Amino acid sequence: MGMEHYEGAIEALLFAMGKSVELSALAKAIGHDTETTRKIIRNMMLKYNGEDRGIKIIELENSYQMCTKEEYYDYLVKLALQPKKAILTDVMLETLSIVAYKQPVTKLEIEKIRGVKCDHAINKLIEYNLVQEVGRLDAPGRPILFGTTEEFLRSFGVQGLDELPELDPVQLEDFKAEAEEEIQLKLDV
């Protein structure tokens, strides 16, 4: 079988799944080793990017997904008649950033950092598929550990958590000072 046959098989698999598929699963499905499969996918990615096609393949932490090219988003919006977008409030963004940088993290740890309850923010982030349960802490009560999802990576345009911006140490100290001031004000009331 020729290379085009395997490209067609991978294209069919990614299209049918509608979400990211691990490289090892794709390799097993087409009967090749992971390196050969990776080369086939990389070749497909180059072809899609070089041609006037509406789709592309993206890599998300050793998984691949077929998705729409950005330049065709306007057509999707017209078809969907302005889809309802999830709006992230400042509280949700703060909570999400804590999860992204501290994961896996418990709700209690998030609340300690923020200084307030975060039930609603966590529930909304789970509803928007940006945060998920990634396990349980081996401690009394077995609290849930939260982490980010592949949708988080897609939404923020990064392939992996290592691509998140570094925290500025000076700014981090300013944030800590602000948080301590807020806590002190609450205690004085």
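Before going into details, it helps to say that this report is about the structure given with it. (Residues numbered from 1 in each chain as written. Predicted model: local features only at pLDDT ≥ 70, side-chain atom pairs only at ≥ 80, totals over all residues. Heavy atoms only, no water.)

1. As for the overall build of the chain
As a reminder, the rule being used: Under the DSSP-based scheme used, a helix requires at least four consecutive residues in state H or I and a strand at least two consecutive residues in state E, with every element numbered from the N terminus. Buried means the residue's accessible area, taken with a 1.4 Å probe over protein chains only, is under 20% of the maximum for its type, while exposed means over 50%, and partly exposed covers the values in between. Exposure was quantified through the Shrake-Rupley algorithm and a 1.4 Å probe, taking into account, for residues, occlusion by the shown protein chains and nothing else.
Secondary structure assignment for the chain yields 9 helices and 6 strands. In the chain, which comprises 189 residues, the proportion classed as buried is 29%. In the form shown here, the chain has an accessible surface area of approximately 12,900 Å², with 55% of it arising from carbon and sulfur atoms.

2. Remarks on the side chain of Lys56
Heads up, the rule is: What qualifies as a polar contact is a pair of N or O atoms within 3.5 Å, subject to a donor-acceptor requirement within protein and to the restriction that residues adjacent in sequence count only when both atoms come from side chains. Contacts are assigned to residue pairs that have any heavy atoms within 4.5 Å of one another.
Tracing the backbone through its elements, the reader meets Lys56 in strand 2 (residues 55-59). Here the side chain of Lys56 touches Glu70 through a polar contact of 2.7 Å, side chain to side chain. Ignoring anything within four residues of it in the chain, the contact list for Lys56 reads Tyr48, Asn49, Gln65, Met66, Cys67, Thr68, Lys69 and Glu70.

3. Side note on the environment of Arg136
With respect to the helices and strands, the residue Arg136 is situated in strand 5 (residues 131-136). When sequence neighbours within four positions are dropped, the list of residues in contact with Arg136 reads Arg142, Pro143, Ile144 and Leu145.

4. So, the nonpolar core
Here is a general trend for soluble globular proteins: nonpolar side chains tend to be buried in one another's company. Counted only if it meets this: Buried Ala, Val, Leu, Ile, Met, Phe, Trp, Tyr and Cys residues that are joined via side-chain atoms within 4.5 Å together make up what is termed a nonpolar core.
Counting 21 residues, the largest nonpolar core has Leu96, Val99, Ile110, Ile122, Leu125, Val131 and Phe152 as its most contacted members. Listed by contribution, the elements that provide at least two residues to this core are helix 5 (90-102), helix 7 (119-127) and helix 8 (150-155). It is helix 5 that provides the largest number of residues to this core, a total of 5 residues. Ignoring anything within four residues of it in the chain, the contact list for Ile110 reads Thr95, Ile98, Val99, Val105, Cys118 and Ile122. By size, the runner-up hydrophobic cluster in this structure holds 15 residues, among which are Tyr6, Ile40, Met44 and Tyr64.

5. With respect to helix 6 (residues 107-114)
Which entries qualify depends on this criterion: The arc in question is traced by the directions running from the helix axis to the C-beta atoms.
For helix 6, the complete set of buried residues consists of Ile110, Glu111 and Arg114. With its buried residues spanning 100° around the axis, helix 6 presents them on a single face. Seen from the buried face of helix 6, the exposed residues on the opposite side, beyond 90 degrees, are Leu108 and Lys112. Considering only its buried residues, helix 6 is in contact with helix 5, strand 4 (105-106) and helix 7. Where helix 6 terminates, the next one or two residues include Gly115, which has phi positive at roughly 85°.

6. Focus: the pairing of strand 6 (residues 144-148)
Put simply, the rule is: Pairing between strands requires that DSSP locate at least two bridges from one strand to the other.
With respect to burial, strand 6 is a largely interior element, 4 of its 5 residues being buried. As judged from the 2 bridges shared by strand 4 and strand 6, these two strands associate in the antiparallel manner. Of the residues in strand 6, the one forming a bridge with Val105 is Phe146. With 5 bridges joining them, strand 5 and strand 6 adopt antiparallel strand pairing. For Val131, the partnering residue across the bridge sits in strand 6 and is Thr148.

7. Things to note about the sheet that holds strand 6
Ordered in space as 4-6-5, the 3 strands form an open sheet in which the pairing is antiparallel. Only two strands of the sheet have a single partner each, and these edge strands are strand 4 and strand 5.

8. Brief notes about the environment of Lys19
Summarising the element assignment, Lys19 is placed in the loop between helix 1 (3-17) and strand 1 (21-22). On a C-alpha basis, the gap between Lys19 and Gln65 in space is 5.8 Å, while along the polypeptide they are 46 residues apart. Here Lys19 is in contact with Tyr64 and Gln65, once residues within four sequence places are set aside.

9. A look at the packing of helix 1 against helix 2 (residues 23-30)
Note the following rule: Only the stretch in contact is used when fitting a helix axis, every axis being a line fitted to C-alpha atoms; angles between N-to-C directions are given from 0 to 180 degrees. Angular relationships are summarised with four words: roughly parallel below 35 degrees, roughly antiparallel beyond 145, roughly perpendicular across 65 to 115, and oblique for the angles in between. Crossings are sorted by hand: turned counterclockwise from the far helix by less than a right angle, the near helix makes the crossing left-handed, and turned clockwise it makes it right-handed. Under the scheme applied, nonpolar residues are Ala, Val, Leu, Ile, Met, Phe, Trp, Tyr, Cys and Pro; charged residues are Asp, Glu, Lys and Arg; polar residues are all the others, including Gly.
One can describe the packing of helix 1 onto helix 2 by two numbers: an axis separation of 10 Å at closest approach and a directional angle of 130°. The pairing of helix 1 with helix 2 is recorded here as oblique in orientation. Handedness of the crossing formed by helix 1 with helix 2: right-handed. Each of Tyr6, Ala9, Ile10, Leu13 and Leu14 in helix 1 lies in contact with helix 2, whose residues at this interface are Leu26, Ala29 and Ile30. Tallied by class, residues from the contact of helix 1 with helix 2 come to 8 nonpolar, no polar and no charged.

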